[in-house]
Each structure stands twice: as structure tokens, then as C-alpha cells.
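The lines below spell out each chain.
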Amino acid sequence: MTEEKLLEMAIEARKAAYVPYSGYAVGAALLSTDGRVFTGCNIENAAYGNTMCAERTALFKAVSEGVRTFTAIAIASSGSAPFPCGACRQSLYEFAPKLDVLVTWDGQVRKTTLAQLLPEGFGPSSLGK
């Protein structure tokens, strides 16, 4: 899977976002090590704490299907760079501390790693697992 295709899938996933409060639509495409891609969008809720980010939507879909290893995630939005929030970084780190992270907004693309976004992350190995 090319980075360009993964970014396109994130842009497409963004179209399903439910964002009546913030208007900030985000789409994500998570690439598993077996080549499958799981997409997600952000889903807001009037009880703001119940809002779910696109990255965790994609991750939870994958894990619920039995997939637990990942190589890359693409995240798409507009207006600003959609880097994962702290909760998403931690959730992704649980399964893929070496994950490549691609973000795109307004025609721009940046590539980084989850390790750069969450240095000294806390994961299963921190518990001796």
C-alpha cells in the first residue's frame, strides 16, 4: 500500500465524520501488517466527553476484528494539521509503538512516527509484558 493511497483513504473516511459542534472533520486510515486498512472518522456527541476521534475509531474497528499489529496511519482534515491527540497516541502505542504517522490538510502532508509524537511512551513492555 502506498502512502498516497493510504492518505486518499483517510480523506475519503473524513466524509463520514459527524461534527455538528466543532465542524472539524477528521478521517483516518490504519494499515495493518497483513495489508488490511481500517478507516474511521470522528464522531461528536452533545455530551462532549463521549466524542470519539477518527484514529481510535479506526483502531477499535481493527481490534474488534482481531487485528493487533499495524505499520502506518494516515489522518486527514482541513484548516490545521490533524496530529493525534494524547488519548489517540496512547491507544495507538498499545499496539504499534513504531507506527508511521502521515497527516494531511489543505494539500499539505507531513510524516512522522508515533515514537516522535509520544517519546518514552507507556505500553505493555512498561509492565514487563
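Whatever comes next refers back to the structure up there.
A quick note: this is a predicted structure, and the numbers were derived from the prediction, not measured.

**Some remarks on the overall build of the chain**
Tallying secondary structure elements over the chain gives 4 helices and 5 strands in all. For the chain, the succession of helices and strands along the chain, N to C, is α-β-β-α-β-α-β-β-α. Against the compact-globule benchmark of 14 Å for 129 residues, the chain has a radius of gyration of 14 Å, which places it among compact chains. Its C-alpha atoms give the chain principal-axis dimensions of about 40 × 35 × 30 Å. Across the 129 residues that make up the chain, the buried fraction comes to 42%. Once local pairs closer than 6 in sequence are excluded, the contacts in the chain between residues at least 24 apart make up 61%.

**Here's the deal with the sheet that holds strand β3 (residues 70–77)**
On the basis of which strands lie adjacent, the open sheet formed by 5 strands has the order β2-β1-β3-β4-β5 and mixed pairing. Edge strands, defined here as strands with exactly one partner in the open sheet, are β2 (37–41) and β5 (108–113). For this sheet, the mean inter-axis angle between neighbouring strands, taken without regard to orientation, is 15°. Pairing analysis gives 6 bridges linking β3 to strand β4 (residues 100–105), with the strands arranged parallel. Across the sheet, the residue bridging to Ala76 is Thr104, located in β4.

**Details of the pairing of strand β1 (residues 27–32)**
Buried residues dominate β1, accounting for 6 of its 6 residues. Side-chain alternation along β1 places Gly27, Ala29 and Leu31 on one buried face and Ala28, Leu30 and Ser32 on a second face that is also buried. The antiparallel hairpin formed by β1 and β2 contains 4 residues in its connecting segment, where Gly35 sits at a positive phi of about 95°. When β1 meets β3, the two strands line up antiparallel, connected through 6 bridges. Within β3, the position partnered with Leu30 by the bridge is Ile73.

Calculation rules
Residues numbered from 1 in each chain as written. Predicted model: local features only at pLDDT ≥ 70, side-chain atom pairs only at ≥ 80, totals over all residues. Heavy atoms only, no water. Helix = DSSP H or I, 4+ residues; strand = E, 2+ residues; numbered from the N terminus. Rg over C-alpha atoms; globule rule 2.2 N^0.38 Å. Buried < 20%, exposed > 50% of the residue type's maximum accessible area, 1.4 Å probe, protein only. Contact = heavy atoms within 4.5 Å. Pairing = 2+ DSSP bridges. Axes fitted to C-alpha atoms, helices over the stretch in contact; angles between N-to-C directions.

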